[in-house]
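Analysis of the macromolecular model
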Amino acid sequence: MKYMHFNSSCSYAGLANLLYLDGIDTEDFVIALAIDLAYLLVKDGASYLAGTMLQSKEIFDIYLNPLGYELIEKNYDKDEVLKILEAADKNYMLGVNIAPGNKHAIIFKDHKDNRFRFINNKYEESDEPDEFLWTAEELKERLDDQTHLAHLEKCDVKDVDMEEPLLKSIENLGALKEDIINFSKREISKNDLRESMNTLFRAALLDLETMFILIEEDKLMKRTKKLQKEYINVVKKGKESLVLEKEMNISGLVDVLNEWERLMKNNLKEYRERI
C-alpha cells in the first residue's frame, strides 16, 4: 500500500496505489516531482488551481504516458457506480464524502459478500483505517449525485511535451498577481473575502506552501505560511467590509509570487536544456 506524504495528496497517493496494484512501485511525491507540479498553475474561469488541486487526466497522463499507461475517467450517477463496481475486474479511483465537507479519493479493491472494499489513501502514521468496507447503501450515501470513476489502461509509451503548460503557468501567474493586487485595493464584503479563499488565495497561499515544501524551498515556505496565517486571521475577524491591503501584507505576498515566477522560469529553462 502507498501512503500520502504531503497535504491533500490523496489523489496522488491513489494514482501510486493504482500503479502499485499493477506492479509499478512509485510514491505520490515522486509523481508530483516528475510532472513539475510545483511549477504548474491553471486558470479555470475566475479561479486559479495549483498543487494537488491539479488532478485531471491531462495532469496525471504527464506521468503515466512515459510508463505506457493513461488514465481513463468517466462520470456516473450513484446507481451506475454501484453496478460497475459490483461487476468490476479492475481497480478504480473515486472520490467519496468521508464526512460532510471532507471529499477524499479512495481505491476500489473488490466486491465480496455484498460489501465493497476500498483502499484508504492516507498518511502512514494516521490512525485512520487502511481500508473501508461498506455495503451498497453505506457507499451510496457517501457518493455525490455524479461521481468520476478513473482507472488505468495500457497505451503506447510517449513523452508529454511540457513546454506549453509550463509557459502557460507563467502567464497564469502574471494574471493571478494582477487579480490579487486589484482585489486587495478595492472595498470588499465579507462574502467577497470568503469567495476569494477558493478563487485566488488557495493557490497563492495554501497550495503554494505545500509545493514549496515539496521542492524544499524552506524560506519561501515559511514566508508563505506567515502570509497564510495573516489571511486566515482577516477572514476570522468577520468584518462586513474591508480593504484587504490594509489588513495584511499584500506586497509581501506579491514578492513571494515573484519568487515563484523566478522558480517557474528557471524550471522552464532546465526543461528546455533537457530535451
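Residues numbered from 1 in each chain as written. Predicted model: local features only at pLDDT ≥ 70, side-chain atom pairs only at ≥ 80, totals over all residues. Heavy atoms only, no water.

1. Observations concerning the packing of helix H6 (residues 163-185) against helix H7 (residues 190-214)
- Where H6 meets H7, the closest approach of the two axes is 11 Å, and the angle between their N-to-C directions is 150°. Taken together, the axes of H6 and H7 are roughly antiparallel relative to one another. Crossing geometry of H6 relative to H7 is assigned as left-handed. Contact with H6, carried on its side by Leu-176, Asp-179, Ile-180 and Phe-183, involves Asp-192, Leu-193, Ser-196, Leu-200, Phe-201 and Ala-204 of H7 and no other residues of that element.
- Here the residues of the contact of H6 with H7 sort into seven nonpolar, one polar and two charged. (Axes fitted to C-alpha atoms, helices over the stretch in contact; angles between N-to-C directions. Helix = DSSP H or I, 4+ residues; strand = E, 2+ residues; numbered from the N terminus. Parallel < 35°, antiparallel > 145°, perpendicular 65-115°, else oblique. Left-handed = near helix turned anticlockwise from the far one by under 90°. Contact = heavy atoms within 4.5 Å. Nonpolar A, V, L, I, M, F, W, Y, C, P; charged D, E, K, R; others polar.)

2. Here's the deal with the pattern of salt bridges
- Applying the stated rule across the entire model yields 23 salt bridges.
- Here Arg-202 and Asp-207 are joined by a salt bridge, their closest N and O atoms 3.0 Å apart.
- When its relative accessible area of 3% is taken as the criterion, Asp-207 is described as buried.
- A salt bridge links Glu-259 to Arg-262; the nearest nitrogen and oxygen atoms lie 2.8 Å apart. With Glu-259 and Arg-262 both in helix H9 (residues 250-274) and three residues apart, the pair spans about one turn of that helix.
- In this structure, a network of salt bridges that share partners links the residues Lys-109, Asp-110, Arg-117 and Glu-131. (Salt bridge = Lys/Arg side-chain N within 4 Å of Asp/Glu carboxyl O. Buried < 20%, exposed > 50% of the residue type's maximum accessible area, 1.4 Å probe, protein only.)

3. Observations regarding the packing of aromatic side chains
- Following the criterion strictly, the structure yields seven aromatic pairs and no others.
- Relative to Tyr-12, the ring of Phe-6 has its centre 6.4 Å away and its plane inclined at 50°; by these criteria the two rings are tilted. Each member of the pair, Phe-6 as well as Tyr-12, is classed as buried.
- Pairing Phe-118 with Trp-134 gives two aromatic rings, centres 5.5 Å apart and planes at 45°, and the pair type is tilted. Placement of the pair is Phe-118 in strand S6 (residues 115-120) and Trp-134 in strand S7 (residues 131-134), with a sequence separation of 16 residues.
- We classify Trp-134 as buried; its relative accessible area is 7%. (Phe/Tyr/Trp six-rings, centres within 6.5 Å; stacked < 30°, edge-to-face > 60°.)

4. Here's the deal with a nonpolar patch on the surface
- Together, Phe-29, Val-30 and Leu-33 line one region of the surface with nonpolar side chains, adding up to about 220 Å² of accessible area.
- Mapped onto the elements of the fold, Val-30 is located in helix H2 (residues 28-34).
- Residue Val-30 is classed as partly exposed on the basis of its relative accessible area of 34%. (Patch = residues over 30% accessible without salt bridge, like charges linked within 9 Å, V, L, I, M, F, W, Y side chains within 5 Å. Areas by Shrake-Rupley, 256 points an atom, 1.4 Å probe, with all protein chains shown as cover.)

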